[in-house]
Amino acid sequence: MDAFTEKLTLITRNFPAPIRELGVSLIDEKCYVKLIEQLDFSDIECLKLALSKGLGIGIVIGGSIVKVPQIALILRTQDSAGLSISSYVLETLSYLITLFYSYRSSFPFSTYGENLFLGVQNTIVSLLIILHGDAPNPSRRTGNLGILSGFFVASISALYSMSLENLAYLQLATLPLSLFSKIPQITANYKAKSTGQLSAFAVLSQIIGCAVRVYTTSTEVGDPVVQAGFGLALFLNVILGIQMMSYWGNTPPATKKKAAVEQKKVAPAEVELLDETLSQDYFLSNGRQRRSKPMQRVDHAEGSSRKWERKVD
């Protein structure tokens with residue numbers, strides 16, 4: 001076994017410079033030498049750091065696609081029933097605040113990078129909820145889309161120009177934001193006894209992501225406010241997950257109402273085919289127009305030419 005380890009270390013100590021630099025940037029020089037070059041896994045702190053970095057990178061990559069199934073579901077069904085617009089708007093604000101606060105605080109990108117992708121995807125979902133919602137007319141939907149788009153642009157501009165001190169206060173606000181962002185969706189699910197077009201994949205991914213983030217922030221960041229935010233988000237996402245299992249397969253009331261309206265539409269009456277064997281008396285007795293007899297050829301007298309004319313009773 002020792003001989004095998006020695007052969008491996010000969011390889012790991014001679015990794016190309018770009019690979020070594022990437023490893024050092026992730027887990028620092030000391031832990032890279034111990035874990036990679038020496039294959040020494042006795043240092044618990046280095047192991048915890050490496051695990052946190054690996055999980056963090058996985059969450060960032062997963063965060064880039066976590067809401068894609070939700071977007072695809074709305075586009076496929078052309079329906080946003082059961083989705084709370086207020087929940088998604090507040091959740092997007094929470095993602096944006098955490099993104100700018102973490103960036104300005106120089107936290108490792110692996111500890112907050114998914115907020116960038118989640119913010120973008122949540123913005124798209126929010127706009128789709130309005131686009132495929134139950135607004136009474138297209139002009140109102142267009143107006144709401146413009147208002148919401150302007151709100152997101154203004155929020156990003158304000159957060160970008162804000163000082164770190166003010167961002168720290170806003171980071172505290174993400175705790176109630178996380179709470180209020182989930183309460184409307186949880187309440188809507190409870191009232192409808194259905195989760196509507198809510199994506200099960202998105203809910204499950206958020207539960208796993210928040211659980212991992214609780215660990216990574218405690219290991220690498222140590223910011224109690226950020227950690228509390230992820231803890232609260234985990235709790236609320238677990239509630240959504242329980243609702244998803246409890247109401248699985250239930251149809252939202254809006255969809256039921258739409259289906260009932262469509263069923264009430266009267267189908268066009270079928271054209272009755274006429275029976276050619278029926279007598280003229282039948283048609284006259286049923287108020288139908290009397291059919292004329294077919295054209296017959298009649299010979300005119302005195303050598304006149306043959307002409308076609310209708311025989312009249």
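Residues numbered from 1 in each chain as written. Predicted model: local features only at pLDDT ≥ 70, side-chain atom pairs only at ≥ 80, totals over all residues. Heavy atoms only, no water.

1. Some points on the overall build of the protein chain
For clarity, the threshold we go by: Numbering of helices and strands runs from the N terminus; a helix is a DSSP stretch of H or I covering at least four residues, while a strand is a stretch of E covering at least two. Burial here depends on accessible area, computed with a 1.4 Å probe over protein chains only, as a share of the maximum for the residue type. Under 20% is buried, over 50% is exposed, and the range in between is partly exposed. What sets the accessible areas is the Shrake-Rupley method with a 1.4 Å probe; for residues, cover comes only from the shown protein chains.
Scanning the protein chain for helices and strands turns up 12 helices and 2 strands. Moving toward the C terminus, one meets the helices and strands of the protein chain in the order α-α-α-α-α-α-α-α-α-α-α-α-β-β. Each of the 313 residues in the protein chain was classed as buried or not, and the buried ones make up 33%. When the accessible surface of the protein chain is totalled, it reaches about 19000 Å², and 64% of it is carbon and sulfur.

2. Quick look at the packing of helix α3 (residues 44-63) against helix α9 (residues 200-221)
Here is the rule: Here the axes come from fitting lines to C-alpha atoms, over the contacting stretch only for helices, and the angles between their N-to-C directions go from 0 to 180 degrees. Should an angle fall under 35 degrees it is called roughly parallel, over 145 degrees roughly antiparallel, and 65 to 115 degrees roughly perpendicular, with every other angle called oblique. Less than a right angle of anticlockwise turn of the near helix away from the far helix marks a crossing as left-handed, whereas a clockwise turn marks it as right-handed. Throughout, a residue-residue contact means that at least one pair of heavy atoms, one from each residue, lies within 4.5 Å.
Running from N to C, α3 and α9 cross one another at 140°; their axes reach a closest spacing of 9 Å. Regarding the angle of α3 to α9, the classification is oblique. Between α3 and α9 the crossing geometry is left-handed. On α9, the residues touching K48, L49, L51, S52, K53, L55, G56, I59 and V60 of α3 are G209, V212, R213, Y215, T216, T219 and E220.

3. Topic: the environment of A72
Among the structural elements, A72 can be located in helix α4 (residues 68-77). Judged by its relative accessible area of 35%, A72 is partly exposed. Distance in space between the C-alpha atoms of A72 and V125 is 9.6 Å, their sequence separation being 53 residues.

4. As for the packing of aromatic side chains
Applied cut-off: The criterion for an aromatic pair is that two Phe, Tyr or Trp rings (for Trp, the six-membered ring) have centres within 6.5 Å, with stacked assigned to planes under 30 degrees apart, edge-to-face to planes over 60 apart and tilted to the rest. Geometrically, a charge over a ring is one whose NZ (Lys) or CZ (Arg) sits within 6 Å of the ring centre while staying within 35 degrees of the ring normal.
Per the counting criterion, the structure on display carries 3 aromatic pairs. An angle of 75° between the planes, with centres 5.4 Å apart, marks the rings of F109 and Y112 as edge-to-face. Judged by its relative accessible area of 6%, Y112 falls in the buried class. Above the plane of the ring of Y190 lies K193, whose end atom (NZ or CZ) is 4.0 Å from the centre.

5. Structural notes on the UniProt feature "transmembrane region" (unreviewed entry) in the protein chain
Let me state the cut-off plainly: UniProt positions are given in the numbering used here, feature names are shortened, and annotations may be inferred rather than shown by experiment.
The positions that UniProt labels "transmembrane region" (unreviewed entry) are, in the present scheme, residues 55-75, 82-103, 115-133, 145-162, 198-216 and 228-248. In the segment residues 115-133, helix accounts for 89% and strand for 0%; the C-alpha atoms at its two ends are 26 Å apart.

6. Here we look at the pattern of salt bridges
Definition in use: A pairing counts as a salt bridge when a side-chain nitrogen of Lys or Arg comes within 4 Å of a carboxyl oxygen of Asp or Glu.
Summed over all chains, the structure comprises 7 salt bridges. As a salt-bridge pair, K67 and E91 come within 3.4 Å of each other at their nearest N and O atoms. Taken as a pair, K67 in the loop between α3 and α4 and E91 in helix α5 (residues 85-104) lie far apart in primary sequence, 24 residues in all. You'll find K67 and E91 in the same group, each marked buried.

7. Let's talk about unusual backbone geometry
The backbone of D28 sits at a positive phi, close to 65°, despite the residue not being glycine. For D28, the position within the fold is in helix α2 (residues 17-37). Classification of D28 by relative accessible area gives partly exposed; the value is 35%. One non-glycine residue, K193, lies in positive phi territory at about 55°. Within the secondary structure, K193 is located in the loop between α8 (164-192) and α9.

8. Describing empty space enclosed by the protein
Going by this rule: Of the grid points, spaced at 1 Å and generated over the protein atoms alone, those admitting a 1.4 Å probe that cannot get out make up cavities, while open sets with protein on both sides within 12 Å along at least five of seven lines make up pockets; any residue with an atom within 4 Å of a point is treated as lining. Grid points are joined across faces, edges and corners, and a volume is the space filled by probe spheres set on the points.
Within this structure, the stated rule accounts for 1 cavity of 30 Å³ or more. Approximately 120 Å³ is the volume attributed to the largest cavity. Lining the largest cavity are 14 residues, with Y88, K182, L198, Q206 and L240 sitting closest to its centre. Only α5, α8 and α9 provide two or more residues apiece to the lining of the largest cavity.

9. Some points on the nonpolar core
Let me state the cut-off plainly: Each nonpolar core is a collection of buried residues, namely Ala, Val, Leu, Ile, Met, Phe, Trp, Tyr and Cys, held together in the definition by side-chain atoms within 4.5 Å.
Within the largest apolar cluster, 14 residues are counted, with the highest numbers of intra-cluster contacts made by Y101, F107, L159 and L167. Of all elements in the fold, only α5, α8 and α10 (224-246) reach the threshold of two or more residues within this core. If sequence neighbours within four positions are ignored, Y101 has contacts with F107, L164, L167, A168, Q171, D223 and V226.

10. Considering a nonpolar patch on the surface
Quick note on the threshold: Only residues whose relative accessible area exceeds 30% and that take part in no salt bridge are eligible for patches, with like-charged residues grouped when within 9 Å of each other and nonpolar side chains (Val, Leu, Ile, Met, Phe, Trp, Tyr) grouped when within 5 Å.
Where nonpolar side chains cluster on the molecular surface, the patch consists of F4, L8, I11, F15 and I19 and spans about 450 Å² of accessible area. Inspection of the secondary structure puts F4 in helix α1 (residues 2-12).

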